[in-house]
Amino acid sequence: MSAAVLEIERLPGCGAMIRGLDVRVASDAAVDAIRQAVFDRGVVFLEGQQLTPENQIGFARRLGPIVVNRYFPKTERWPEIAKVEKTEAQTSNIGGGWHTDHSYDAAPAMGSVLLAIETPPAGGDTLFADMYAAYDALPDDMKATLKGLTARHASAHVFGEAGGYAKTDRPELAGYADTPEAVHPVVITHPGSGKKALYVNPGFTREILGVTAQESQTLLTFLYAHAVQPRFVTRFKWRPGSMAIWDNRCTWHCAMNDYHGHRRLMHRITLDGVPLS
Ligand code: SIN
């Protein structure tokens with residue numbers, strides 16, 4: 001099966017929908033086409049995937065090497081699978097602000113394979129924003145300003161001893177002593193597509209380096225508002241068996257927290273990445 005025969009529907013804003021494929025029996029060519037669609041569109045969605053944990057791990061491994069998230073709770077038997085869960089009693093969710101996974105790592109995660117196990121009757125959608133399109137739409141003078149700049153990304157303010165989760169009803173997600181930081185270009189060239197993408201995010205980017213603190217804040221405030229304009233964003237509604245595969249280098253995502261009193265359980269596998277330039 002080639003990209004030409006995989007049914008890939010480009011979605012407005014960000015991402016693509018792939019129909020008519022059971023990933024358990026995908027050919028090597030179909031897996032290659034999915035990977036390329038992820039690189040090109042940032043995120044792909046598939047419905048109706050009835051996967052055991054072993055199936056999900058096996059499929060993720062065909063897309064790329066797996067990296068284990070250091071902060072999220074793991075499923076009991078499969079350390080490769082992180083449990084992204086909010087119970088009926090909890091009010092804070094995981095990933096409830098715009099971010100991209102693992103940008104605090106020197107080689108940030110390539111992507112994630114998120115499978116819906118249990119979804120609330122309404123709500124719990126995930127928003128994805130296209131950082132290729134956000135970069136392309138910047139005015140030329142802003143592109144010139146950003147050229148050559150780097151930014152510092154960190155995780156202590158989220159997962160560290162006084163991290164954001166410590167003040168919520170999810171304190172188990174905070175309290176970590178070992179919280180990495182990394183510096184990356186503000187604009188990267190995506191290693192899989194060759195396209196330029198904006199690579200700062202509200203969740204983990206702390207400052208743009210080589211400018212004053214005020215300039216850094218002004219730039220980041222502008223870029224954050226610019227990047228989430230509706231023309232760059234897709235909203236995905238989950239059902240059990242829905243799966244999203246996203247590329248962290250060219251998208252942001254944000255999990256809506258609008259379903260208090262209901263359980264939502266997702267199984268997430270993170271795919272390893274490479275240093276960015
Ligand atoms: C995440 O940030 O990985 C969670 C996304 C989601 O639960 O929709």
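Every value quoted in this text rests on a predicted model; they were computed, and no experiment measured them. (Residues numbered from 1 in each chain as written. Predicted model: local features only at pLDDT ≥ 70, side-chain atom pairs only at ≥ 80, totals over all residues. Heavy atoms only, no water.)

### Examining the sheet that holds strand E12 (residues 205–208)
Then comes step 1: Spatially, E9-E8-E12 is the arrangement adopted by the three strands of the open sheet, whose pairing is antiparallel. Among the strands making up the open sheet, the edge pair consists of strand E9 (181–185) and E12. Strand-to-strand twist of the sheet, defined as the mean angle between neighbouring strand axes without regard to direction, takes the value 25°.
Then comes step 2: Sheet topology note: the strand E8 (residues 150–154)/E9 ladder contains five bridges and is antiparallel. Counted as the bridge partner of alanine 151 is histidine 184 from E9. (Pairing = 2+ DSSP bridges. Helix = DSSP H or I, 4+ residues; strand = E, 2+ residues; numbered from the N terminus. Axes fitted to C-alpha atoms, helices over the stretch in contact; angles between N-to-C directions.)

### Some words on the pattern of salt bridges
Then comes step 1: The tally for this structure, following the rule as stated, stands at 18 salt bridges.
Then comes step 2: Note that arginine 41 is salt-bridged to aspartate 130, the shortest N-O span being 3.9 Å. On the criterion of sequence distance, the pair formed by arginine 41 in helix H1 (residues 28–41) and aspartate 130 in strand E7 (residues 126–130) is long-range, its members being 89 residues apart. Residue arginine 41 shares its accessibility class with aspartate 130, and that shared class is buried.
Then comes step 3: Linking glutamate 47 and arginine 239 is a salt bridge whose minimum nitrogen-to-oxygen distance equals 3.6 Å. Taken together, the residues glutamate 47 in the loop between strand E3 (43–46) and helix H2 (53–63) and arginine 239 in the loop between strand E13 (233–236) and strand E14 (243–247) connect sequence positions 192 residues apart.
Then comes step 4: Each of the salt bridges in this network shares a partner with another, and the network as a whole consists of Glu85, Glu118 and Arg263. (Salt bridge = Lys/Arg side-chain N within 4 Å of Asp/Glu carboxyl O. Buried < 20%, exposed > 50% of the residue type's maximum accessible area, 1.4 Å probe, protein only.)

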